Amino acid sequence: MFAGHFAVAAAVKAKNPQVPLWSLMLGTQLLDVIFVPLFVSGVETMETVGSAGYGEAVIHADYTHSLMGALLIAIVAGILAGYRWGRRAGYILASVVFSHWILDLVVHRRDLPILPGNLGDLPLLGFGLWQWPAASIALEVLLILIGGSLYFRSSLARAGRADLNPGYHQTKGRAIMASCVMAALLVLSLVTDTLGIG
Amino acid sequence: MSFILFVLLFTVLCGWLDARIDVSQGKDVK
């Protein structure tokens, strides 16, 4: 699921307009962004199951997607954000980064370790919603609808009122443009993920 | 591949478009 993660960032931005959207978008995918070089170098691996379609994978991301590893990454990201944009933004960004692990916990098969490197061979976590693709896709659609609509409403609200903002029409136009591009990318990312494109 | 593309698009394109909303109101964008 990557559309679902982006949708969370859109929803958080709607409620916290002071935090830059780019940081939330990057933050919500940070675990997977760090996963990419580790995957390329063979430190973390992935094996497909079934026909290798939507969600048909067991991901051995034992460092980036371990509970403690994800918490550590979230805390570091939160500290950096807090240093740049203030303490509240730091808490928000740390939460957004960790939200990735929470959503993955819901959809992943039992492949999420508790400690980095699966230290201690503790039980692996994952509720496995990916085993029911229709339910998993429905969850992503729901997240997109909530995140997209909250972002659209908050963007328009940021344009202010026509009688108070001299540049109201320009601001409103930009808010609509930003919302439309956001909605299109959310839908496109879900479609490509669902069809296994890329 | 599509993952990297979407991270870039959301981070750069959406981030830039969103920041323009505040710029048009004369607000400081960090």
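Residues numbered from 1 in each chain as written. Chains lettered and ligands numbered in written order. Predicted model: local features only at pLDDT ≥ 70, side-chain atom pairs only at ≥ 80, totals over all residues. Heavy atoms only, no water.

### Re the interface of chain A and chain B
How large an interface is tends to be reported as the accessible area lost when its parts come together. Contacts between the two partners involve 34 residues from chain A, matched on the other side by 21 residues from chain B. Considering only the surface of chain A that becomes buried against chain B, Arg158, Arg174 and Leu185 of chain A emerge as the three largest contributors, covering 27% of it. At the level of secondary structure, the elements contributing two or more residues to the side of chain A that touches chain B comprise helix H1 (3-15), helix H2 (21-28), helix H3 (30-40), helix H4 (67-85), helix H6 (133-158) and helix H7 (168-195) of chain A. Ranked by residues supplied to the side of chain A that touches chain B, first place goes to H7 of chain A with 13 residues. Residues that form the side of chain A that touches chain B fall into these classes: 21 nonpolar, eight polar and five charged. (Contact = heavy atoms within 4.5 Å. Buried area = accessible area lost by both parts, 1.4 Å probe. Helix = DSSP H or I, 4+ residues; strand = E, 2+ residues; numbered from the N terminus. Nonpolar A, V, L, I, M, F, W, Y, C, P; charged D, E, K, R; others polar.)

### Some thoughts on the packing of H2 of chain A against helix H5 (residues 87-107) of chain A
When two helices pack together, you describe them by how their axes are tilted relative to each other and by the distance separating the axes. One can describe the packing of H2 of chain A onto H5 of chain A by two numbers: an axis separation of 7 Å at closest approach and a directional angle of 35°. Contacts between H2 of chain A and H5 of chain A involve Ser23, Leu24, Gly27 and Thr28 of chain A on the former and, on the latter, Ile92, Leu93, Val96, Val97, Ser99 and His100 of chain A. (Axes fitted to C-alpha atoms, helices over the stretch in contact; angles between N-to-C directions.)

### Description of the packing of H1 of chain A against H7 of chain A
Residues and elements named next belong to chain A. Remark: H1 packs on H7, axes separated minimally by 9 Å, with the N-to-C direction vectors making an angle of 155°. By the angle between their directions, the pair H1 and H7 is classed as roughly antiparallel. Contacts between H1 and H7 involve Ala3, Phe6, Ala7 and Ala10 on the former and, on the latter, Met182, Leu186, Ser189 and Leu190. For the contact of H1 with H7, the class distribution of residues is seven nonpolar, one polar and no charged. (Parallel < 35°, antiparallel > 145°, perpendicular 65-115°, else oblique.)

### Thoughts on the pattern of salt bridges
Think of it this way: side chains of opposite charge can pair up when their charged atoms draw near. Overall, the coordinates contain two salt bridges over all chains when judged by the stated rule. Put simply, Lys13 of chain A and Asp18 of chain B hold a salt bridge, and the shortest N to O gap is 3.3 Å. With Lys13 of chain A in helix H1 and Asp18 of chain B in helix H1 (residues 2-23), the pair connects residues from two separate chains. For Asp18 of chain B, the salt bridge identified is with Arg158 of chain A, shortest N-O distance 2.8 Å. One end of the pair, Asp18 of chain B, is in helix H1; the other, Arg158 of chain A, is in helix H6, on a second chain. One exposure class covers both Asp18 of chain B and Arg158 of chain A, and it is buried. Put simply, Lys13 and Arg158 of chain A together with Asp18 of chain B are held in one network by salt bridges that share partners. (Salt bridge = Lys/Arg side-chain N within 4 Å of Asp/Glu carboxyl O. Buried < 20%, exposed > 50% of the residue type's maximum accessible area, 1.4 Å probe, protein only.)

As far as function goes, none of this settles anything; it's purely spatial.
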